[in-house]
Amino acid sequence: MSATTPAQHSDQPGRIMSGEMAEQPAVLRRILDEGAPRIREIAERIAARNPRFVLLTARGTSDNAALYAKYLLEVLLGKPCGLTSMSTTTAYGAEQDLTDVLVITVSQSGGSPDLVASTEAAREAGAITLAVTNNPDSPLAAVSEFHIDVLAGPENALPATKTYTAELLALYLFVEGLRGGDGAAAKALPELAQQILDRGDEVKQLAGRYRFAERMVITSRGYGYPTAKEAALKLMETSYIPALSYSGADLLHGPLAMVDNISPVIAIVTDGKGGQALQPVLERLRGRGADLVVIGPQAEVDRASAGFALPTEGVAEEVQPILEILPLQLLAYEVTIARGQDPDAPRALAKVTETR
């Protein structure tokens, strides 16, 4: 364990979350070494059936991973893609014609009844069904035609960390397989992830800004938007700070009015077209005197109040979210510890949430 990784003494709050965050470089490497051939095989079999469009089904952290997949599918593959509303099936009993539609259900546990029921209904309606889970023996895997195991290993902390980045990488490799790509853009991720996690002291210093925060705003655009949503979720479920996530475009359509010179704002600036699209938002935030912290390229961090520079040089924009979330997971951990709470066991939460 790196000297700058949060300590993992047996009596320390957050030791489980800390340990699981530290596993992420090894998990990413395992997916690339062991999981990639199987993912590519599944992708080739599904591509041969030429699905006419894609629907994504998920909850919680996995919903943010599904949103990332939506960007991949639309940008890299040109496939129309949507996020499903499960209650249309599970609560309203709606019947849809899903012939030749690819339905991807993303779930860490694969155990939530509504995910299982909606996937069963989709398969009966003619869909090609793919489950992406961390549990190959789950009910969701059993009812799906295809299954991808994200190979993250047991995750015991309530906040999902390593399963999230594992889902992102598995989904990226799957989309690459659909379009006949080799996934080469992901090869450097394990080493870069380790470099980021080794800088935990920087994040701990940054966390001091938010110890007494009453609310936070997190924003991004493009591939970075799912990262903003996942970062907000991590902060809310661990530290209980109301964290509002917005696409930069949506932030300008009203919510910007709540930002002032004491409002903490975290901007995730992806190095690429998404970051370019975020520039007008950053200018407006600076103009309002916001307490702006940037997660992104060094040049963007230098223009902000503070931030965390990511090693994005030479890294394809579409895989940067796998790196972007790492300092934000550490931030959620450090803020929670600073506020005297235990990130391993957020109140009122269970590891498997059984929605129906």
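Just so it is clear, the structure is predicted and the values come from calculations on it, not from any experiment.

## Here we look at the pairing of strand 3 (residues 101-107)
Moving on, step 1. The buried count for strand 3 comes to seven of seven residues, which makes it a mostly enclosed element.
Moving on, step 2. As paired strands, strand 1 (residues 53-58) and strand 3 are joined by six bridges and run parallel to one another. Each bridged residue has a counterpart across the sheet, and for alanine 58 the counterpart in strand 3 is valine 106.
Moving on, step 3. As defined by bridge partners, strand 3 adjoins strand 4 (residues 128-133) across six bridges and the pair is classed as parallel. Note on strand 4: the bridge partner recorded for valine 106 is valine 132.
Moving on, step 4. Crossover connection from strand 3 via helix 5 (residues 113-124) to parallel strand 4: handedness right-handed.

## Points about the sheet that holds strand 1
Moving on, step 1. Strand order in the open sheet made by the five strands is 2-1-3-4-5, with parallel pairing throughout. Strands with a single pairing partner mark the edges of an open sheet, and in this sheet they are strand 2 (81-83) and strand 5 (146-149). Strand after strand, the sheet turns through a mean of 20° between neighbouring axes, direction not considered.
Moving on, step 2. Most of the contacts of helix 2 (residues 24-47) go to strand 5, to which it runs at about 155°, and overall it touches strand 3, strand 4 and strand 5.
Moving on, step 3. Lying on the sheet, helix 3 (residues 60-76) is in contact with strand 1, strand 2 and strand 3; it crosses strand 1 at an angle near 165°.

## Brief notes about the side chain of serine 118
Moving on, step 1. Tracing the backbone through its elements, the reader meets serine 118 in helix 5.
Moving on, step 2. For serine 118, the side chain forms a polar contact with the main-chain oxygen of leucine 115, separated by 3.2 Å.
Moving on, step 3. Excluding its chain neighbours within four sequence positions, the residues that come into contact with serine 118 are Thr57, Met86 and Thr90.

Parameters at a glance
- Residues numbered from 1 in each chain as written.
- Predicted model: local features only at pLDDT ≥ 70, side-chain atom pairs only at ≥ 80, totals over all residues.
- Heavy atoms only, no water.
- Buried < 20%, exposed > 50% of the residue type's maximum accessible area, 1.4 Å probe, protein only.
- Helix = DSSP H or I, 4+ residues; strand = E, 2+ residues; numbered from the N terminus.
- Pairing = 2+ DSSP bridges.
- Right-handed = clockwise from strand over helix to strand, strands pointing away.
- Axes fitted to C-alpha atoms, helices over the stretch in contact; angles between N-to-C directions.
- Contact = heavy atoms within 4.5 Å.
- Polar contact = N/O pair within 3.5 Å; in protein donor to acceptor, adjacent residues only side chain to side chain.

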